Amino acid sequence: MTSRLSRRQRRRISQGIQYALFVAALVLVGVLADWDRLQNQFAQKDLVAELFPEIITTALRNTVVYTLSGFVFGLVLGLLIALMRLSSVAPYRWVASVYIEFFRGLPALLIFIFVGVAVPLAFPGTEIPGGTYGKVALGLGLVAAAYMAETIRAGIQAVPKGQMEAARSLGFSHARAMVSVIIPQAFRIVIPPLTNELVLLFKDSSLVLFLGVTLDERELTKFGRDLASQTANSTPILVAGLCYLIVTVPLSFVVRRLEARADKAK
Amino acid sequence: MPQPEIEIRGLHKSFGDNHVLRGIDLEVARGDVVCVIGPSGSGKSTLLRCVNLLEEPSEGQVFVGGTEVTDIEVDIDAVRRRIGMVFQQFNLFPHVTVTENLVLPQRRVLRRGKAEATKVARENLERVGLADKADAYPAQLSGGQQQRVAIARALSMGPEVMLFDEPTSALDPELVGDVLAVMRVLASEGMTMMVVTHEMSFAREVADRVVFMDGGVIVEEGPAAQVVGDPRHPRTRHFLDRILDPSAAEAPGPEAGGPAAG
């Protein structure tokens, strides 16, 4: 070896330098940022108090309801599209492929505007059942279904071929074998990625903004923005952000646990 | 002459350009045990899978219990209920317990009530000596135990015929005996069985007839004692020499008339 330092010593020094740089960056930001102005704009204690309990009872509640309704609708539609994608009937496969490419390739925002504007135009006089809630479930679900269909398809294909053969040899029809044997196993495989999709949907529910909602239908982002403009202060936005994190961080934690458990089961 | 339980006439099967079965004619009488032996790639598993139409024959006819399986009009799910199949890889349903593995097909396919299905499941688990594993999940069992559960699952559908596709090939050697013992009892009870196997001692003891296949055709068939004990055809003899004493096989080299490798 040419250097007098051992390999381990060199690694320690390199790590030490990286830590020092990190701490220096933190200190720099801490010293240079104007904390008073930030606090003034984002953390007014008396404003925070005014947000409660409405931000929980209306805004967070609506966010959760929008997310779950979109998730359930997307899951059902996604399963259907996944099965079409795997069908032996070619036109089903084409429809499924086109759907998946179309809705994965468009920004969710455009879908929402489309649902809000085009659907009432195309079907005058008919209301989407559930009003705003129905529209949100439709908008979120249409997009989520495309992603979930691909996830579920992969899950179904990950179930060993012998499972279908065993079921068929026992007299199950193809459809019954799918329902009783293949899909339950596929769902076990796709629970972690589907939970991830739930986290994404939770954030995407903020797009409700573009549908035009009543006061009682506001979710976290709209609520935060409205109150921020009313009070000319950004504190409500910061609190709304924290409300998202209260849900998404534990959910992400659950996903990691599920993934670890699935890895161990292999 | 009584009608054979399984009858195969002029059966051909191709996968693309690969002509796997080249004209098979075979009959299995009710209550008989027929062992199918032969080198891998000889088409014996494909033949078995054609009997319950897991593979669709390219040509020819298959009858089971007088029903033509290969008839396009036939209700294949109904026919398969009468044919039990046991796979090399067990193929138990991993997401449910042992009991549920036996109960689920009875309820979904035969529409049996829960109480009756559970009772039949218990009886069949006792039959294979695994009543104490009723609540275990498949992954908690050894390979031999899983295969016995798979046999019990097939039996609980009340089949007239049982097909075994190399049932002991995926097992550790010390677990093979338990599975063969269950199959031996089944044979003595009069079950019609078609068994693809490499277990020559099982074939010699239990089989009424042994069929030797090579290259997609039946090369030799007859009573077990004759085909396994005193084969007439040189290809059968060569195969048996290799399988009975693998260490005695010559080093691979150019060799005319030898069986297809692979």
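None of the values given here were measured: they were computed from a predicted structure.

Asks: What is the right way to read the overall build of chain A from this model?
Replies: Looking only at helices and strands, one finds 11 helices and 0 strands in chain A. Along chain A, from the amino end to the carboxyl end, the secondary structure elements read α-α-α-α-α-α-α-α-α-α-α. For chain A, the C-alpha radius of gyration of 25 Å lies well beyond 18 Å, the compact-globule estimate for 266 residues. For chain A, the spread of C-alpha atoms along the three principal axes comes to 75 × 70 × 30 Å. Counting only residues that meet the buried cut, chain A has 39% of its 266 residues in that class. Looking at chain A alone, contacts between residues at least 24 apart form 76% of all its contacts between residues at least 6 apart. Of note, chain A has its 27 positive side-chain charges centred 17 Å away from the centre of its 17 negative side-chain charges.

Asks: Can you help me understand the interface of chain B and chain A in this one?
Replies: One widely used convention gives an interface's size as the accessible area the parts lose upon coming together. Every contact between the two is made by 23 residues of chain B and, on the other side, 17 residues of chain A. Together, the buried faces of chain B and chain A total about 1700 Å²; carbon and sulfur atoms form 58% of this surface. The tally of links between chain B and chain A comes to 2 salt bridges. The shortest N-O distance in the salt bridge between aspartate 77 of chain B and arginine 168 of chain A comes to 3.3 Å. Where chain B meets chain A, there are 5 residue pairs in polar contact (both at pLDDT 80 or more). When residues of the side of chain B that touches chain A are traced back to their parent elements, those giving at least two are helix H2 (76-81), strand E6 (83-86), helix H3 (98-109) and helix H5 (143-155) of chain B. Split into classes, the residues belonging to the side of chain B that touches chain A amount to 13 nonpolar, 3 polar and 7 charged.

Asks: Which parts of the structure should I look at to understand the pairing of E6 of chain B?
Replies: Where a strand is regular, its side chains alternate between the two sheet faces. All names here are of chain B. Burial along E6 is two-sided: Ile83 and Met85 and Gly84 and Val86, pointing in opposite directions, are all buried. The pairing of E6 with strand E7 (residues 161-165) spans 4 bridges and is classified as parallel. Within E7, the position partnered with methionine 85 by the bridge is leucine 163.

Asks: Looking at this structure, I do not really get the UniProt feature "transmembrane region" (unreviewed entry) in chain A. What am I missing?
Replies: Residues and elements named next belong to chain A. UniProt's feature table lists "transmembrane region" (unreviewed entry) at residues 16-33, 64-84, 105-124 and 237-255, given in the numbering used throughout. Along residues 105-124, the helical share is 80% and the strand share 0%, with 28 Å between the first and last C-alpha atoms. Across residues 237-255 one finds 100% helix and 0% strand; the C-alpha atoms that close the span lie 27 Å apart.

Asks: I tried to follow the nonpolar core on my own but got confused; where do I start?
Replies: The nonpolar side chains of a soluble globular protein tend to be buried, and buried together. All names here are of chain B. In terms of nonpolar packing, the biggest core is built from 85 residues, with Ile8, Leu47, Leu163 and Met194 touching the most fellow members. When neighbours within four sequence positions are excluded, leucine 163 is seen to be in contact with Ile6, Leu48, Val51, Asn52, Ile83, Gly84, Met85, Val86 and Met194. One finds Leu92, Ala121, Val195 and Leu240 within the second-largest nonpolar core, a separate group that totals 49 residues.

Asks: What exactly am I supposed to notice about empty space enclosed by the protein here?
Replies: Where empty space is left becomes clear once a probe the size of a water molecule has been rolled over the atoms. Following the criterion strictly, the structure yields 3 cavities of 30 Å³ or more and no others. By volume, the largest cavity is sized at about 60 Å³. Forming the boundary of the largest cavity are Ala166, Ser169 and Leu170 of chain A together with Ile83, Gly84, Met85, Val86, Phe87, Phe90, Ala150, Arg153 and Ala154 of chain B. Those elements that place two or more of their residues in the lining of the largest cavity are helix H8 (161-169) of chain A together with E6 and H5 of chain B. For the lining of the largest cavity, the leading source of residues is E6 of chain B, giving 4 residues. A class-by-class count of the residues in the lining of the largest cavity yields 9 nonpolar, 2 polar and 1 charged. For the second largest cavity, the calculated volume is near 40 Å³.

Rules used throughout
- Residues numbered from 1 in each chain as written.
- Chains lettered and ligands numbered in written order.
- Predicted model: local features only at pLDDT ≥ 70, side-chain atom pairs only at ≥ 80, totals over all residues.
- Heavy atoms only, no water.
- Helix = DSSP H or I, 4+ residues; strand = E, 2+ residues; numbered from the N terminus.
- Rg over C-alpha atoms; globule rule 2.2 N^0.38 Å.
- Buried < 20%, exposed > 50% of the residue type's maximum accessible area, 1.4 Å probe, protein only.
- Contact = heavy atoms within 4.5 Å.
- Lys, Arg positive; Asp, Glu negative; His and termini not counted.
- Charge placed at Lys NZ, Arg CZ, Asp CG, Glu CD.
- Buried area = accessible area lost by both parts, 1.4 Å probe.
- Salt bridge = Lys/Arg side-chain N within 4 Å of Asp/Glu carboxyl O.
- Polar contact = N/O pair within 3.5 Å; in protein donor to acceptor, adjacent residues only side chain to side chain.
- Nonpolar A, V, L, I, M, F, W, Y, C, P; charged D, E, K, R; others polar.
- Pairing = 2+ DSSP bridges.
- UniProt positions renumbered as here; feature names shortened; annotations may be inferred.
- Core = buried A, V, L, I, M, F, W, Y, C linked by side-chain atoms within 4.5 Å.
- 1 Å grid on protein atoms, 1.4 Å probe; cavity = no way out; pocket = protein on both sides within 12 Å on 5 of 7 lines; lining within 4 Å.
- Points joined across faces, edges and corners; volume = space filled by probe spheres on them.

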